[in-house]
Amino acid sequence: MKHILSAAQFDRAELEKILALAARMAENLKSDGTRLADGKILATLFYEPSTRTRLSFETAMLRIGGHVISTPDTKFSSVQKGETVEDTIRILSGFADVIAMRSSEIGFAERAAKVSAVPILNAGDGAGEHPTQSLLDLFTISKYFSLDKKICVTFVGDLKFGRTVHSLTTVLRNFPNVQLRFVAPDELKIPEKYRQPADEIFTEISPEILKTTDVLYVTRVQEERFADRAQYERLRDTFIFDAEKISQLPKKSIVLHPLPRINEISPEVDALPQAKYFEQARNGVPVRMALISYVLNLIG
Ligand code: CP
């Protein structure tokens, strides 16, 4: 049984297979999708808020011909009566063929996978990982740059709590020509476990950094992870990218953001050619069509 629990589980060959499958799914979408998952059921179990991940998983399942059952708000689930995640998963895996889940607890998806009779898709575990997001990020980058050529990906913002950064960093380690650069204040720096000696580390954005960036990956300061409200207020607007800053990037660069954004990318940037974050979110559908098909072994 295939689960998707961490970006660290993928090697390059598997990543390339998933990207190729996502490209096929994107083609299928031009004619409303496929019926590959006819009769299959996806359960979405989200213990934290989501717009893109939950709804793109659900759209993906519908676009491959399957069905969806969902608990978008655990206020109305038996979790409120004290049911454990293990028991919840034992029950759900008797109803559905695959489960996408999100929680504020790091390692929650691994706990679920230990007792599940069906594949678990980690849709975000606290400040841990967001592996399916990293695949749609990689898919988006691969649309604009060859992953075999030298490119520089600059991550900016909350690199400590930003689970999408942790997963994308891990996935990009499979592509040795990709230079990783991390820009964050000390309080939000990338955890040691995601760093390698060749990485470039900065605390502030400079014209030199912008000028030499191919992919600018901006993240929100994750308000919900801060124990100290005053610290969040002090850090929340550390980086704000407006049109003037983005104009310092190379013309062929792209700007990504897992979204939602708060203040870190000004709305005026949306009209610039580098702004690809809405396209990135849309890519969640074909990539998740591919992932569901992959874990359910629907493709030979
Ligand atoms: N990128 C992402 O995880 O968005 P949601 O929180 O809306 O799912």
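Data block above holds the structure.
For the structure given in this document, a descriptive report is provided here. The residue numbers shown here count from 1 along each chain, following its written sequence. Note on the predicted model: pLDDT of at least 70 is required for a residue's local features to be given, and 80 or more for side-chain atom pairs to be given and counted; whole-chain, interface and lining totals, by contrast, use all residues. Only heavy atoms go into the side-chain values, all of them from the structure, while hydrogens and water stay out.

Quick look at the sheet that holds strand E2 (residues 67-71) now. A pair of strands is treated as paired once DSSP finds two or more bridges between them. Think of it this way: any DSSP run of H or I at least four residues long counts as a helix, any run of E at least two long counts as a strand, and we number them from the N terminus. What the 4 strands build is an open sheet, ordered E2-E1-E3-E4; its pairing is parallel. At either end of the open sheet lies a strand with only one pairing partner, and these are E2 and strand E4 (120-125). Here the average twist between neighbouring strands, direction ignored, is 15°. For strand E3 (residues 98-103) and E4, the ladder comprises 4 bridges, and the chain directions are parallel. Note that in E4 the partner of Ile99 across the bridge is Ile120. Lines are fitted to the C-alpha atoms to define the axes, a helix being fitted only along its stretch in contact, and any angle between axes, read from their N-to-C directions, falls within 0 to 180 degrees.

This brings us to the pairing of strand E6 (residues 178-183). Only protein chains enter the accessibility calculation, which uses a 1.4 Å probe; a residue is then buried when its area is under 20% of its type maximum, exposed when over 50%, and partly exposed in between. Counted residue by residue, E6 has 5 buried out of 6 residues, so it is predominantly covered. Of the strand pairs in this sheet, strand E5 (residues 151-156) and E6 are connected by 6 bridges, and their pairing is parallel. Looking at the pairing, Ile151 lines up with Val178 of E6. Handedness of a crossover is defined as follows: with both strands directed away from the viewer, a clockwise route from the first strand across the helix to the second makes it right-handed. Handedness of the crossover joining E5 and E6 through helix H6 (residues 163-172) is recorded here as right-handed. As defined by bridge partners, E6 adjoins strand E7 (residues 200-202) across 3 bridges and the pair is classed as parallel. Residue pairing in the sheet places Phe182 in a bridge with Ile201 of E7.

Here we take up the site of the ligand. Residue proximity to a molecule or strand is established when one non-hydrogen atom of the residue lies within 4 Å of it. Within the structure, the ligand sits among Ser50, Thr51, Arg52, Thr53, Arg102, His130, Gln133, Pro258 and Leu259. Any pair of N or O atoms that falls within 3.5 Å is considered a polar contact. Within protein, one atom must be able to donate a hydrogen and the other to accept it, and sequence-neighbouring residues count only if both atoms are side-chain atoms. Here an oxygen atom of the ligand and a side-chain polar atom of Arg102 are 3.0 Å apart. Contact between the ligand and His130: an oxygen atom at 3.0 Å from a side-chain N or O atom of the residue. Every accessible area reported is derived by Shrake-Rupley at a probe size of 1.4 Å, with residue values counting cover from the shown protein chains alone. When the free accessible area of the ligand is taken as 250 Å², the share hidden by the protein chains comes to 91%. Among the residues forming the shell around the ligand, the class breakdown is 2 nonpolar, 5 polar and 2 charged. Reported domain spans reflect what an automatic or database domain assignment gives. Taken together, domain 1 (7-131 + 283-295) and domain 2 (132-281) each give at least three residues to the shell around the ligand, which thus spans both. Residues are sorted three ways: Asp, Glu, Lys and Arg are charged, Ala, Val, Leu, Ile, Met, Phe, Trp, Tyr, Cys and Pro are nonpolar, and all the rest, Gly among them, are polar.

The subject of this paragraph is the environment of Glu200. By the secondary structure assignment, Glu200 is in strand E7. By relative accessible area, which is 27% here, Glu200 ends up partly exposed. Sequence spacing of Glu200 and Arg181 is 19 residues, and the spatial spacing of their C-alpha atoms is 4.5 Å. Glu200 has contacts with Gln179, Leu180, Arg181 and Phe182, leaving out every residue within four places of it along the chain. Separated by 2.7 Å, the side chains of Glu200 and Arg181 make a polar contact. By definition, residues are in contact when any of their heavy atoms lie within 4.5 Å.

The subject of this paragraph is the pattern of salt bridges. Any Lys or Arg side-chain nitrogen found within 4 Å of a carboxyl oxygen on Asp or Glu counts as a salt bridge. For the structure on display, the rule yields 23 salt bridges. In this structure, Arg90 engages Asp87 in a salt bridge whose closest nitrogen and oxygen atoms are separated by 2.8 Å. With Arg90 and Asp87 both in helix H3 (residues 85-95) and 3 residues apart, the pair spans about one turn of that helix. Of the charged contacts in the structure, one is a salt bridge between Arg181 and Glu200, with a shortest N-O distance of 2.7 Å. Highlighted residues: Arg181 in strand E6 and Glu200 in strand E7, separated in sequence by 19 residues. By sharing partners, the salt bridges in this structure join Glu223, Arg229, Glu233, Arg236 and Asp237 into a single network.

With that settled, consider unusual backbone geometry. Here Leu259 and Pro260 are connected by a cis peptide whose omega angle stands at 5°. Unusually for a residue other than glycine, Asp32 sits at a positive phi of about 75°. Phi angles above zero are rare outside glycine, and Leu259 is one such case at about 65°. By secondary structure assignment, the location of Leu259 is in the loop between strand E9 (254-256) and helix H10 (277-282). Overall, Leu259 belongs to the buried group, its relative accessible area being 13%.

This paragraph deals with the packing of helix H1 (residues 12-29) against helix H5 (residues 131-144). Where H1 meets H5, the closest approach of the two axes is 10 Å, and the angle between their N-to-C directions is 75°. With respect to H5, the element H1 is oriented roughly perpendicular. Of H5, the residues touching H1 (which contributes Leu15, Ile18, Leu19, Ala22 and Ala23) are Leu135, Leu138, Phe139 and Ser142. Tallied by class, the residues present in the contact of H1 with H5 amount to 8 nonpolar, 1 polar and no charged. Angle categories: roughly parallel below 35 degrees, roughly antiparallel above 145, roughly perpendicular from 65 to 115, and oblique for all the rest.

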